[in-house]
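# Reading the structure
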Amino acid sequence: MSVAPAPDHACAEHGVAARRGREKATRALIIALALTGTLLVAEVVGGLLSNSLALLADAGHMLTDAGALSLSLFVAWFARQPVSSTKTYGYLRWEILAALVNGAALLGISAWIAWEALTRLARPEQIASGTMLVIATAGLIVNAVAAWLLHGSHQHSLNLRGAYLHVLGDLLASVGTIVAALLVRYTGWLPADPLASVISTALIVRGAWRLVRESVDVLLEAVPAHIALAEVRGRLETIAGVESVHDLHVWTVTSGVVAMSAHAIVREAAAHQRVLEAVHDAMREMGIGHVTMQLERCEMRDREMHLHP
């Protein structure tokens, strides 16, 4: 017969696993940043030598990548700083701010690339397709490695997702640049260069907008998308002894940390401890780990009317 681990032991195991996950993500960010910085220099030089907008656009993405990875790395360290008497949640929200900055930067650089591409379509320019092809192929390899490094961690953190989207955008841009270089080299069709930059940019706008939207939702303390508030209320009101629930709030503190607060009418004082334990169990099953519950024997407005008729 298997025995469930004691709560303290389970919490300790969870803490060790979380710390190892953070260390792994940090190592991935450091390696990805080193690869990105090296490729950035190569793409700027190669873009200027070949006169390729697609390559310069990719270098622009790489610049934002380097900034995004640096910011993500800093925030990953900063968010682990201990809480204080004035910052009771510590610096967890820095992760969300970094994700917002990353998403906004992606949208901004995408708009600039689209404008430059329209200008190039109106006035095509000669391109050194050989240089363009070599640099773009190197970019594809580097971005593929960086995306692979970040893939295992990006689903659990908005901050890492922002960095991952930057790298993924560059990976797509590299593919487009290679195709454009081949078209220019073997057909002489110059519009392929700006068109490749537009296509690669369009592919990442959706992800960037979603990142910005989710970051803003967290900052506005909106109900997480994967949780239905009506379902939370229903689960609470099915607990024996709970008469009704009001002032219910569910929000995200940072990636993976969901909080809930509510008031509930529980007439029997002797049932309060049992109800509290049942509430915590029910919320844990729904992925809500930080629970604040106020139990009342009557609604506050009824109490005030009784005290002040």
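Look a little higher up for the structure.
Conventions adopted
- Residues numbered from 1 in each chain as written.
- Predicted model: local features only at pLDDT ≥ 70, side-chain atom pairs only at ≥ 80, totals over all residues.
- Heavy atoms only, no water.
- Helix = DSSP H or I, 4+ residues; strand = E, 2+ residues; numbered from the N terminus.
- Contact = heavy atoms within 4.5 Å.
- Pairing = 2+ DSSP bridges.
- Axes fitted to C-alpha atoms, helices over the stretch in contact; angles between N-to-C directions.
- Core = buried A, V, L, I, M, F, W, Y, C linked by side-chain atoms within 4.5 Å.
- Buried < 20%, exposed > 50% of the residue type's maximum accessible area, 1.4 Å probe, protein only.

Bringing the side chain of T36 into the picture now. Tracing the backbone shows T36 in helix α1 (residues 7-50). Once residues lying within four places of it in the same chain are set aside, the contact partners of T36 are M62, D65, A66, L69 and V142.

Taken in spatial order, the three strands make up an open sheet running β1-β2-β3, and their pairing is mixed. At either margin of the open sheet sits one strand with a lone partner, and together these are β1 (244-254) and β3 (290-296). Taken over all neighbouring pairs, the strand axes of this sheet differ in orientation by 10° on average, direction set aside. Judged from the eight bridges that link them, β1 and strand β2 (residues 257-265) form a sheet pairing that is antiparallel. When the bridges of β2 are listed, T254 appears paired with V257.

Once that is clear, we can look at the nonpolar core. Residues V232, L236, M260, V279, M283 and I288 are the most contacted members of the largest nonpolar core, which totals 23 residues. At the level of elements, α7 (229-237), β1, β2, α8 (272-285) and β3 are the ones that each hand at least two residues to this core. When residues no more than four places from it in sequence are discounted, the contact partners of M260 are L236, L248, H249, V250, W251, V279, M283, I288, H290, V291, T292 and M293. Counting residues in each nonpolar core, the second largest holds 12 residues, with A146, L160, A163 and Y164 among its members.

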